[in-house]
Amino acid sequence: MQANGAGGGQQQQQQQPPQGPELGCLGAQNGEASAGTAAGEQLAHANGLLPSANSGGGSPGGLSVNNGVPAAGGPGTAAAELGGGGGSALKKKKRLSQSDEDVIRLIGQHLHGLGLNQTVDLLMQESGCRLEHPSATKFRNHVMEGEWDKAENDLNELKALVHSPHAIVRMKFLLLQQKYLEYLEDGKVLEALQVLRCELTPLKYNTERIHVLSGYLMCSHAEDLRAKAEWEGKGTASRSKLLDKLQTYLPPSVMLPPRRLQNLLRQAVELQRDRCLYHNTKLDSNLDSVSLLIDHVCSRGLRSVCDTLYMLQCLGIMRKQFPCYTQQILTEHCNEVWFCKFSNDGTKLATGSKDTTVIIWQVDPDTHQLKLLKTLEGHAYGVSYIAWSPDDNYLVACGPDDCSELWLWNVQTGELRTKMSQSHEDSLTSVAWNPDGKRFVTGGQRGQFYQCDLDGNLLDSWEGVRVQCLWCLSDGKTVLASDTHQRIRGYNFEDLTDRNIVQEDHPIMSFTISKNGRLALLNVATQGVHLWDLQDRVLVRKYQGVTQGFYTIHSCFGGHNEDFIASGSEDHKVYIWHKRSELPIAELTGHTRTVNCVSWNPQIPSMMASASDDGTVRIWGPAPFVDNQDIEEECSSMDS
């Protein structure tokens, strides 16, 4: 443990179903069946997506359904009602709410996508709803069949239903563009040229795109055209994509957006994952990878929520991802371990100790076990800070407050490239690499603040800054430095300007910056861990639980998307928080003295290291795998 001299809906009203051409569910016959024919006759396909087999009027012996509304048939009265007996009076069904109509339409769209058209017919018939406006149905069919003249005529019918006056022009442009490309692919160059000159150009829309389209006339063959136009070619695939674009210009009451139900479900799954405090896996937008039957649940261990074996299996997946279990204890250091840091590529770990050594460990990519790779010796005052170069080829080591030297090591060879010391009165306790990997900055609490090259040559200096911790931003110009005035300032070595960014009320013992440069994580004396937004310059959150006095403790971001925060503590524990939660989600025990530093592997989200005054480095990983039999036994023990 290092002593440090820094401190001594609005609710929406329910809408009535609209009247007129945009009606999604026909109110006059909502839930009521019209007079039909004898029971058991075949219903014609007319769910609003496929043309009715008897659209010309229907035969006396059959019941024709147009957009979900039963039409009058031949002789006979009420034998075809859905849910009523022959000759009995129809019972009025409860009027559907707007949300019920929306759900029915969404289900109908999804079933249609699966090819279950007869099921859609029956659903629309019984509910009295329709999937889309009849004009939209004609338009859809004509687009998919490549009947472009008829599709253009359909646009005139849709004009009254489109909110934006410019939408029809854009839709017509997209149609004609598809028509033009299909003519070119078929080798009908004259017809394509006619479309370009006499139909696309007069629209006076997107002339830049028209110039690009004209260049496709020079394509020598169909494959060349598809490659240059980044187009799937004539057929169902390209026409389906075209229809998806066209649907964006139509109100949802006229034509539903494509795959609307799947998109809503995907958004719900992503929202649950985003709110989950334990989730530590890469987000997968494929709905096939999750169950829609239960809410998303993550836990670092099994809890009393084992209603079903399936739930416990989901929890077991989480145990494979969250570092909550000691996988390995590294004991090669013979004194307090002050610092640890994974390399940027996640393949190595460097640890610095009071025993005057830096040990570099190799991470096995398969087993995630660490083995000693190199020992770098000769740091007379001990090693309290380590920084990897951006390409991981070099490593800089600093000592505690009374150390005036800095060591630059070649990681590959294990050779010392530079031992830098400007003055015996200096204190070089912190270092940060410039993103170009050719320069670094270093400094300490005695007023030194230097910028140097790889040979230790002094490039620039800033006088009178008592540095506690350093960080170089990705712009390659700005260096953040915490100082003895309980603040973090930004220093620009090019124009020699500086500005205040963070101001605390207590000493800032250390800090680290998120990958995107937006957030700063501070260990503040007697206060704990604070999260700051550097762009807005506001304190976002104070994390609870950790014991932080006037000793230097280094925290870190970690996990997928850096959703987690970890810190050591003077109470011998490692604390983990979700970035959005002030209360810890995990307290890891095992160390017997102060935990000085934690480092989360940037490439293996389930691996974390902690360094302690007890002389050990602990490697944390997922809890041991729990198979189905173990889960069943644990569930049984909870039930009993």
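Relevant structure appears above.
As the structure is a computational prediction, the values presented were derived from the model and not from experiment.

> Please set out helix H1 (residues 98–113) residue by residue, giving values where relevant.
With 16 residues, H1 should reach 22 Å at 1.5 Å per residue; the first-to-last C-alpha distance of 23 Å fits that figure. Within H1, burial applies to Gln98, Glu101, Ile104, Arg105, Leu106, Gly108, Gln109 and Leu111. Immediately downstream of H1, the backbone of Gly115 shows phi near 85 degrees, a positive value.

> An account of the side chain of Asp563 is needed here, citing residue identities and associated values.
In this fold, Asp563 is placed in the loop between strand E24 (556–558) and strand E25 (564–567). One buried charged residue, Asp563, forms no salt bridge at all, with the nearest opposite charge on Lys579 at 4.3 Å. With sequence-adjacent residues up to four places away left out, Asp563 is seen in contact with Gly558, Trp577, His578 and Lys579.

> Account for the sheet that holds strand E4 (residues 337–342), with residues named and values stated.
The sheet built from four strands is open, its strands ordered E4-E5-E6-E7 with antiparallel pairing. Every other strand in the sheet has two partners, leaving E4 and strand E7 (370–376) as the edge strands with one partner each. Adjacent strand axes in the sheet meet at a mean angle of 25 degrees when their direction is disregarded. Inspection of the sheet shows strand E5 (residues 348–353) paired to strand E6 (residues 358–363) by five bridges, in the antiparallel sense. When the bridges of E6 are listed, Ala350 appears paired with Ile360.

> Which residues make up the packing of helix H5 (residues 167–185) against helix H6 (residues 189–200), and what are the values?
Two measures define how a pair of helices packs: the angle their axes make with one another and the distance between the axes. At a minimum axis distance of 8 Å, the contact between H5 and H6 shows a crossing angle of 160 degrees. Compared by their axis directions, H5 and H6 come out roughly antiparallel. Handedness of the crossing formed by H5 with H6: left-handed. Listed contacts from H6 to Phe173, Leu176, Gln177, Lys179, Tyr180, Tyr183 and Leu184 of H5 are Glu191, Ala192, Val195, Leu196, Glu199 and Leu200. Across the contact of H5 with H6, the residue classes break down as nine nonpolar, one polar and three charged.

> Go over the environment of Tyr543 with me, naming the residues and quoting the values.
With respect to the helices and strands, Tyr543 occurs in strand E23 (residues 538–543). For Tyr543, a relative accessible area of 3% puts it in the buried group. Not counting residues up to four positions away in its chain, the partners in contact with Tyr543 are Leu521, Val529, Leu531, Ile565, Trp577, His578, Lys579, Ser581 and Glu582. A distance of 2.7 Å separates a polar side-chain atom of Tyr543 from the backbone oxygen of Lys579.

> Kindly report on the pairing of strand E17 (residues 478–483), identifying the contributing residues and their values.
Counting buried positions along E17 gives six out of six residues, so the element sits mostly inside the fold. Going residue by residue along E17, you find Thr478, Leu480 and Ser482 tucked away on one face and Val479, Ala481 and Asp483 tucked away on the opposite face as well. Adjacent in sequence and paired antiparallel, strand E16 (residues 467–472) and E17 are bridged by five residues, among which Gly476 carries a positive phi angle near 75 degrees. Between E17 and the antiparallel strand that follows it, strand E18 (residues 487–492), lie three residues; Gln486 among them carries a positive phi value of about 65 degrees.

> Provide a residue-level description of the packing of helix H3 (residues 134–144) against helix H9 (residues 236–247), including the pertinent values.
Their axes nearest at 9 Å, the elements H3 and H9 cross at an angle of 150 degrees. When the axes of H3 and H9 are compared, the pair comes out roughly antiparallel. Of the two possible hands of crossing, H3 and H9 adopt the one that is right-handed. Residues Phe139, Arg140, Val143 and Met144 of H3 lie in contact with H9, whose contacting residues are Thr236, Arg239, Ser240, Leu242, Leu243, Leu246 and Gln247. Taken together, the residues of the contact of H3 with H9 sort by class into six nonpolar, three polar and two charged.

> I'd like a rundown of the sheet that holds strand E15 (residues 458–461), residues and numbers included.
Strands sit in the order E12-E13-E14-E15 across an open sheet of four strands; the sheet is antiparallel. Every other strand in the sheet has two partners, leaving strand E12 (430–433) and E15 as the edge strands with one partner each. Neighbour-to-neighbour, the strand axes of this sheet turn through a mean angle of 25 degrees, independent of strand direction. Relative to strand E13 (residues 439–443), E12 is paired through four bridges, and the arrangement is antiparallel. Within E13, the position partnered with Ala432 by the bridge is Val441.

> An account of the packing of aromatic side chains is needed here, citing residue identities and associated values.
For the structure on display, the rule yields 11 aromatic pairs. Considering the side-chain rings of Phe564 and Trp600, the 5.8 Å spacing of their centres and the 15 degrees angle between planes classify their relative orientation as stacked. With Phe564 in strand E25 and Trp600 in strand E28 (residues 595–600), the pair connects residues that are 36 residues apart, well separated along the chain. Here Phe564 and Trp600 have matching classes, each one buried.

> Describe the environment of Asn410, and please don't skip the residues or the numbers.
When you line up the elements, Asn410 lands in strand E10 (residues 406–410). Note: C-alpha distance between Asn410 and Val396 (14 residues apart in sequence) is 9.1 Å. When near neighbours in sequence (up to four residues on either side) are disregarded, Asn410 contacts Asn393, Tyr394 and Glu415.

About the cut-offs
Residues numbered from 1 in each chain as written. Predicted model: local features only at pLDDT ≥ 70, side-chain atom pairs only at ≥ 80, totals over all residues. Heavy atoms only, no water. Helix = DSSP H or I, 4+ residues; strand = E, 2+ residues; numbered from the N terminus. Expected span 1.5 Å × (residues − 1). Buried < 20%, exposed > 50% of the residue type's maximum accessible area, 1.4 Å probe, protein only. Lys, Arg positive; Asp, Glu negative; His and termini not counted. Salt bridge = Lys/Arg side-chain N within 4 Å of Asp/Glu carboxyl O. Contact = heavy atoms within 4.5 Å. Pairing = 2+ DSSP bridges. Axes fitted to C-alpha atoms, helices over the stretch in contact; angles between N-to-C directions. Parallel < 35°, antiparallel > 145°, perpendicular 65-115°, else oblique. Left-handed = near helix turned anticlockwise from the far one by under 90°. Nonpolar A, V, L, I, M, F, W, Y, C, P; charged D, E, K, R; others polar. Polar contact = N/O pair within 3.5 Å; in protein donor to acceptor, adjacent residues only side chain to side chain. Phe/Tyr/Trp six-rings, centres within 6.5 Å; stacked < 30°, edge-to-face > 60°.

That's the geometry; what it means functionally is another story.
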